[in-house]
Amino acid sequence: MTINRRQFLKTSAGGAAFAALPISFHAAFAADGFLEITAAPSQQSLYSDTAPASDLWTYNGTAPGPEIRVKRGDRVKVRLINRLDEPTSIHWHGIRIANAMDGVARLTQDAVEPGGSFDYDFIVPDAGTYWYHAHNRSWNQVARGLYGVLIVEADTAEFDAEHDRTLVIDDWRLDQQGKLDTASLGSLMDWTHGGRIGNWLTVNGKSLPRYSLNANEAYRLRLINASNARVLGLDPTQFGGKILAYDGQSLPQPAELTYQPLLLGPAQRVDLLVVPKAGEPIELNEVSGNQPFAFANFDVAEKPDSKLVTPALIPNRLPEPDLAKARSFRLDMTGGAMGQMVDMVYNGKKLEGNDFRDTAQVWAFNGIANLATEPFFSVEREETVVVETINRTSFIHAMHVHGHHFRILERSGSDIDEGQPWRDTFLIGPEQTTKIAFVADNPGKWLLHCHMLEHAAAGMITWFEVG
């Protein structure tokens, strides 16, 4: 299911790569070198292998879709083919690519109509853990399974394939038969509260998987939260795990987590360094509930010839913000259930009475629900931007900046020092204020939105422009 760099290069050079592909491979290259990814209905069991199959929407027949692995600086050519009954697009989450390839319907491209296609063609500038997902009606399409993984490897060898594992974690809302509950998609209760929270976790589309690791060998576990709205609570200190990277951006050296739990919000990624010990199996637990829930297990095998080799990760070169010359902007988040009553404008009209129910617009940024005609801000290329986000709602949110990575400068009410790592998505709690800073070095029109996908659909979405 993994499309690697060698296959991309062979097809780009005109070679026939698919002759040697394994039977489980679910993608094909066109004659012009584009990897074809088809969005279409399919069926997949989620609760267990013997449970009734759920009606999903997937890329090339599986959720997650094909994992794409390339090297930093490689060219990625993907053709999206739409076999759904509604328009769609693909967003390449966390990649600092050309604006026209960002995949945002209504902003950077027209949504791909049923029966149509769109060619994504871009260079990947940064190594790291990234993912791709539908970005039209994503509250519906991502919830049904439209996402996959994009891994960009560094120029020099880091962890080999055996010691580099990707874990895509998703929570699904299943009915009493163990099938995806599609009838509840679009529930106004979800949209006005914490978003669509599921009742079952899968890893790489599998229920309660077991993996095998060798004792005294170093592994890189790439964790991706593909949930619509669930914030995962994890505790890697239980098995001695250290942090290698946040949101695809490597740290200068592995870091021990000094607090628990590690909160992994929707769309966020974290890479862990794990060195298993002989006779000590590992459980990956979700710890935000009343009792820990082990949603993945790792058996540890003793291997006489094991050697502990921990490759060094080289951070990407991202431009450092110049705070002395920064331009500052303020984003007020309002709305939702149990929130402050404030005036809210949608499509130029002030919402009143039944308008909230009829439009399903219940959240706002600076009093405006959903995409406004004018940008939140406009800056020149290479300017430093500071965004102060104030959460005046009763819920946690996962704020995602397209096309850029940022550093968190301040969080009110928090004494956690994460060393200001680069991020592309940050969590902000109720009544909390957070300041971020980045260099606006990528020209175009870029989204800034809550990645609780129901919140974005219900108003928490804006955009900014880099000249």
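Quick notes on the rules
In this numbering scheme, every chain counts its residues from 1 along its sequence in written order. Reporting in this predicted model follows two pLDDT cut-offs: at least 70 for local features of residues, and 80 or more for side-chain atom pairs to be given and counted; totals over whole chains, interfaces and linings ignore these cut-offs and use all residues. For side-chain calculations, the full set of non-hydrogen atoms in the structure is used, while hydrogens and water are omitted. Only DSSP runs of H or I with at least four residues qualify as helices, and only runs of E with at least two residues qualify as strands; both kinds are numbered from the N terminus onward. We compute the radius of gyration over the C-alpha atoms and compare it with the globule rule, which gives 2.2 Å times the number of residues raised to the power 0.38. Relative accessibility thresholds used throughout: buried, under 20% of the residue-type maximum; exposed, over 50%; partly exposed, between the two (1.4 Å probe, protein chains only). Residues count as neighbours in contact if any of their non-hydrogen atoms are within 4.5 Å of one another. The nonpolar core is taken to be a set of buried Ala, Val, Leu, Ile, Met, Phe, Trp, Tyr and Cys residues, with the residues joined through side-chain atoms within 4.5 Å. Basic side-chain nitrogens of Lys or Arg form a salt bridge, by our definition, when they fall within 4 Å of a carboxyl oxygen of Asp or Glu. A pair of strands is labelled paired if DSSP reports no fewer than 2 bridges between them. The term polar contact refers here to a pair of N or O atoms within 3.5 Å; inside protein, the definition further demands a hydrogen-donor-capable atom paired with an acceptor-capable atom, and it admits residues adjacent in sequence only when both atoms are side-chain atoms. Pairs were defined over the aromatic rings of Phe, Tyr and Trp, the Trp ring being its six-membered one, requiring ring centres within 6.5 Å. Orientation was assigned from the angle between planes: stacked under 30 degrees, edge-to-face over 60, tilted for the rest. Two conditions define a charge located above a ring, namely a distance within 6 Å from the ring centre to NZ of Lys or CZ of Arg, and an angle within 35 degrees of the ring normal. Throughout, an axis means a line fitted to C-alpha atoms (over the contacting stretch in the case of helices), and angles, computed between N-to-C directions, take values from 0 to 180 degrees.

**Some thoughts on the overall build of the protein chain**
Counting secondary structure elements, the protein chain contains 5 helices and 34 strands. In terms of overall size, the protein chain behaves like a compact globule, its C-alpha atoms giving a radius of gyration of 21 Å where 467 residues would be expected to give roughly 23 Å. On the principal axes, the C-alpha backbone points of the protein chain span a range of 70 × 50 × 50 Å. Per-residue burial for the protein chain yields a buried fraction of 59% across its 467 residues. Within the protein chain, counting contacts between residues at least 6 apart in sequence, those at least 24 apart form 76% of the total.

**A closer look at the nonpolar core**
Within the largest apolar cluster, 84 residues are counted, with the highest numbers of intra-cluster contacts made by Tyr 59, Ile 68, Trp 92, Leu 150, Phe 377 and Met 399. A total of 5 residues in this core trace back to one element, the largest contributor, which is strand 10 (residues 147–153). Counting residues in each nonpolar core, the second largest holds 26 residues, with Tyr 219, Leu 232, Leu 272 and Ala 296 among its members.

**What to know about the pattern of salt bridges**
Inspection of every chain in the model, using the stated rule, returns 32 salt bridges. Close ionic contact of Asp 32 with Arg 79 constitutes a salt bridge, the shortest N to O distance being 2.6 Å. One end of the pair, Asp 32, is in the loop between strand 2 (28–29) and strand 3 (35–44); the other, Arg 79, is in strand 6 (residues 75–82), and 47 residues separate them in sequence. We note a salt bridge from Asp 164 to Arg 222, for which the minimum N-O separation is 2.8 Å.

**Considering the environment of Leu 35**
Looking at where Leu 35 falls in the secondary structure, it is placed in strand 3. Spatially, the C-alpha atoms of Leu 35 and Ile 68 are 9.7 Å apart, while their sequence positions differ by 33 residues.

**Quick word on the pairing of strand 27 (residues 383–391)**
Within strand 27, 7 of the 9 residues are buried, leaving the element largely enclosed by the surrounding structure. Of the pairings in the sheet, the one linking strand 22 (residues 327–335) to strand 27 comprises 7 bridges and is parallel in character. In the sheet register, Ser 328 faces strand 27, and the bridge partner there is Val 386.

**Some thoughts on the sheet that holds strand 29 (residues 406–411)**
Pairing is mixed across the open sheet formed by 6 strands, whose spatial order is 25-22-27-32-29-30. Every other strand in the sheet has two partners, leaving strand 25 (363–365) and strand 30 (422–423) as the edge strands with one partner each. As defined by bridge partners, strand 29 adjoins strand 32 (residues 433–440) across 4 bridges and the pair is classed as antiparallel. Each residue of the ladder has a partner; that of Arg 411, found in strand 32, is Thr 434.

**What about the side chain of Asn 140?**
One can find Asn 140 in helix 2 (residues 138–141). The class for Asn 140 is buried, based on a relative accessible area of 3%. Ignoring sequence-local partners within four residues, the contact set of Asn 140 consists of Trp 57, Glu 86 and Leu 185.

**Observations regarding the environment of Arg 75**
With respect to the secondary-structure elements, Arg 75 resides in strand 6. In this structure the C-alpha to C-alpha distance between Arg 75 and Phe 122, which are 47 residues apart in sequence, comes to 5.6 Å.

**Some details on the pairing of strand 11 (residues 164–172)**
On a regular strand, each side chain points to the face opposite its neighbour's, so the side chains alternate between the two faces of the sheet. Of all 9 residues making up strand 11, 9 are buried, and the element is well covered by its neighbours. The two faces of strand 11 match: Asp 164, Thr 166, Val 168, Asp 170 and Trp 172 on one face and Arg 165, Leu 167, Ile 169 and Asp 171 on the other face are all buried. As paired elements, strand 11 and strand 14 (residues 219–225) share 6 bridges and run parallel to each other. What sits directly across from Val 168, in strand 14, is Ile 224. Pairing of strand 11 with strand 12 (residues 200–203), which is carried by 4 bridges, proceeds in the antiparallel orientation. Pairing of Trp 172 across the sheet is with Trp 200, part of strand 12.

**Quick look at the environment of Ser 54**
Structurally, Ser 54 is set in strand 4 (residues 54–59). Distance in space between the C-alpha atoms of Ser 54 and Gln 177 is 9.7 Å, their sequence separation being 123 residues. Those residues in contact with Ser 54 that lie beyond four places of it in its chain are Ser 42, Gln 43, Gln 44, Ser 45, Leu 46, Gly 178, Lys 179 and Leu 180.

**Some words on the side chain of Thr 166**
Positionally, Thr 166 belongs in strand 11. For Thr 166, a relative accessible area of 10% translates into the label buried. Engagement of the side chain of Thr 166 in a polar contact is seen with the side chain of Glu 67, the distance being 3.5 Å. Residues contacting Thr 166, with those up to four places away along its chain left out, are Glu 67, Arg 69, Val 149, Ile 151, Asn 204, Arg 222 and Ile 224.

**Description of the packing of aromatic side chains**
Aromatic rings in a pair are described by how distant their centres are and how their planes are angled relative to each other. This model, assessed by the stated rule, comprises 17 aromatic pairs. With a centroid separation of 5.8 Å and 70° between ring planes, the pair formed by Trp 92 and Tyr 120 is classed as edge-to-face. Pair noted here: Trp 92 is in strand 7 (residues 90–93) and Tyr 120 is in strand 8 (residues 117–123), with a separation of 28 residues, a long-range link. Classification of Tyr 120 by relative accessible area gives buried; the value is 0%. One cation-aromatic arrangement involves Arg 144 over Trp 57; the distance from NZ or CZ to the ring centre is 4.3 Å.

**So, the sheet that holds strand 20 (residues 282–286)**
In space, the 3 strands of this open sheet follow the order 13-21-20, with mixed pairing throughout. Where the open sheet ends on each side, the last strands, each with one partner, are strand 13 (210–214) and strand 20. In this sheet, adjacent strand axes meet at a mean angle of 25° when their direction is disregarded.

**A few points about unusual backbone geometry**
Pro 64 follows Ala 63 through a cis peptide bond whose omega is 0°. Within the secondary structure layout, Pro 64 lies in the loop between strand 4 and strand 5 (67–71). The residue after Gln 260, namely Pro 261, is reached through a cis peptide bond having omega -5°. Inspection of the secondary structure puts Pro 261 in the loop between strand 17 (249–255) and strand 18 (262–264). Not every positive phi belongs to a glycine, and Leu 208 is a case in point at roughly 45°.

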